[in-house]
Amino acid sequence: MTRLTPFLVCALFAKASLAIPSPFTNLARQAGDVCPVDAVSCQNVSGLNSCCVETPQGLLLQTQFWNFKPAKGPVDSWTVHGLWPDYCDGNFKVGCDPSREYPNIREVLTENGKEDLLRWMEEFWVGIPNNEYLWSNEWNRHGTCMSTIAPKCMPEGSATGLDAAIYFQKTADAFKSVPTYKFLASAGIEPDTTKTYSLNELESAFKTAYGFLPLLECKNNALTAISYYFHLKGTITDGTLVPLDALKRTKCPETGIRYLPKTN
């Protein structure tokens, strides 16, 4: 897929780090590493082992789609695009390790015991022309750029594809932590064929329900995508997402923004 340009559920999310349980918490890191528990990506990481903290691409974007025509995913939920590591200034590099590209993500997840995750992805991580194409694209372009799941950071003797399994689990957990549909609905903003909204109304909804401003994407004045910005305390395996405002401003118009219902 072409990469998009980088933008009560309430007080639980507002202005707080998002601690997400991980099934991989007990994985060993590179032998001999002592990782500081308070290391946060993009914040004084000079000299730290790249298995301990995401570096140099320590800014994470959890990106979501609103595919309304044709409809993709549940009518009352946005869907996953991916989890992207960027440099701390918002620039980025993709496709960092062609040797770790996996042609069959379903097989990788099954071999790593992630059948439940796979079933969830079939519903919420959907793409064009098909799901497998999007999954492979996201891992090959973005997952391979994450330093804390590089081969040297994996436990000795770990199963093939464990790095990818960790990436897809973390992306799913990140997506669940920022339920865009609920954030908007809490302000009375729901898909409609005739209503329009101002950018201020949309951003105010996120500030109230979530506490931070994501990056909104529009096409023909209609909402199509969103990106949430995070730093990461710890590693992709078992770290905590630390939200922040988007580094870039939306290119959606100031007024007349449509939030169209999903249709066939």
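Residues numbered from 1 in each chain as written. Predicted model: local features only at pLDDT ≥ 70, side-chain atom pairs only at ≥ 80, totals over all residues. Heavy atoms only, no water.

A. Expanded view of the overall build of the chain. A count of helices and strands for the chain gives 6 helices and 5 strands. Walking the chain from its N terminus toward its C terminus, one meets helices and strands in the order β-β-α-α-α-α-α-α-β-β-β. With 264 residues in all, the chain has 55% of them scored as buried. (Helix = DSSP H or I, 4+ residues; strand = E, 2+ residues; numbered from the N terminus. Buried < 20%, exposed > 50% of the residue type's maximum accessible area, 1.4 Å probe, protein only.)

B. Quick peek at the pairing of strand E1 (residues 59-65). Summarising burial for E1: 7 of the 7 residues are buried, a large majority. The side-chain alternation of E1 yields two buried faces, one formed by Leu 59, Leu 61, Thr 63 and Phe 65 and the other by Leu 60, Gln 62 and Gln 64. By the bridge criterion, 6 bridges tie E1 to strand E4 (residues 222-233) in an arrangement that is antiparallel. What sits directly across from Leu 61, in E4, is Tyr 229. (Pairing = 2+ DSSP bridges.)

C. Structural view of the confidence of the model for the chain. Summarising the model, the chain shows a mean pLDDT of 89, and 88% of its residues fall at 70 or more. Across residues 4-17, confidence stays below pLDDT 50; counting only partners more than four residues off in sequence or on other chains, it has 49 contacts. (pLDDT = per-residue confidence, 0-100. Contact = heavy atoms within 4.5 Å.)

D. Focus on the packing of aromatic side chains. The final tally for this structure, using the stated rule, is 17 aromatic pairs. Taken together, a centroid distance of 5.6 Å and an interplanar angle of 65 degrees make the contact between Tyr 210 and Phe 212 edge-to-face. On the accessibility criterion, Tyr 210 (1% relative accessible area) is buried. An aromatic cluster of three or more residues is present, and its members are Tyr 102, Trp 125, Trp 139, Tyr 167 and Phe 168. Above the plane of the ring of Trp 120 lies Lys 176, whose end atom (NZ or CZ) is 5.0 Å from the centre. Of note, Lys 262 hangs over the ring of Trp 66, and the distance from its end group to the ring centre comes to 4.6 Å. (Phe/Tyr/Trp six-rings, centres within 6.5 Å; stacked < 30°, edge-to-face > 60°. Lys NZ or Arg CZ within 6 Å of the ring centre and 35° of its normal.)

E. Structural context of the nonpolar core. Counting 57 residues, the largest nonpolar core has Phe 168 and Tyr 259 as its most contacted members. Secondary structure elements with two or more residues in this core: strand E2 (79-86), helix H1 (105-111), helix H2 (115-124), helix H3 (131-141), helix H4 (162-177), helix H5 (180-185), helix H6 (199-209) and E4. With 9 residues, the top contributor of residues to this core is H4. Contact partners of Phe 168, with chain neighbours within four places excluded, come to Ile 105, Leu 109, Leu 117, Met 121, Trp 125, Trp 135 and Trp 139. (Core = buried A, V, L, I, M, F, W, Y, C linked by side-chain atoms within 4.5 Å.)

F. Broad picture of the UniProt feature "active site" (unreviewed entry) in the chain. Feature annotation in UniProt assigns "active site" (unreviewed entry) to the following positions: His 81, Glu 138 and His 142. These annotated residues cover 62 residues of sequence, but their C-alpha atoms sit close together, with the largest distance between any two at 11.2 Å. In this fold, Glu 138 is placed in helix H3. Excluding anything up to four places from it in sequence, Glu 138 contacts His 81, Gly 82, Trp 84, Trp 125, Gly 143 and Tyr 167. Residue position: His 142 is located in the loop between H3 and H4. His 142 sits in the buried class, given a relative accessible area of 1%. A distance of 3.2 Å separates polar atoms of two side chains, one belonging to His 142 and the other to Trp 84. (UniProt positions renumbered as here; feature names shortened; annotations may be inferred. Polar contact = N/O pair within 3.5 Å; in protein donor to acceptor, adjacent residues only side chain to side chain.)

G. Examining the state of the cysteines more closely. Taken as a whole and judged by the stated rule, the model has 5 disulfides. One disulfide bridge connects Cys 42 with Cys 88, the sulfur atoms lying 2.0 Å from each other. Judged by the torsion about the S-S bond (-90 degrees), the Cys 42/Cys 88 disulfide is left-handed. Remark: Cys 88 occurs in the loop between E2 and H1 and Cys 42 occurs in the segment before E1; sequence separation between them is 46 residues. Bridging Cys 218 to Cys 252, the disulfide has an S-S length of 2.0 Å. Looking along the S-S bond of the Cys 218-Cys 252 disulfide, the torsion reads about 100 degrees, which is the right-handed sense. Here Cys 218 is found in strand E3 (residues 215-219), whereas its partner Cys 252 is found in the segment after strand E5 (240-244), with 34 residues between them in sequence. A relative accessible area of 24% means that Cys 218 is categorised as partly exposed. Numbered by order of appearance in the sequence, the disulfide-linked cysteines of the chain pair as 1-4, 2-5, 3-8, 6-7, 9-10. (Disulfide = S-S within 2.5 Å.)

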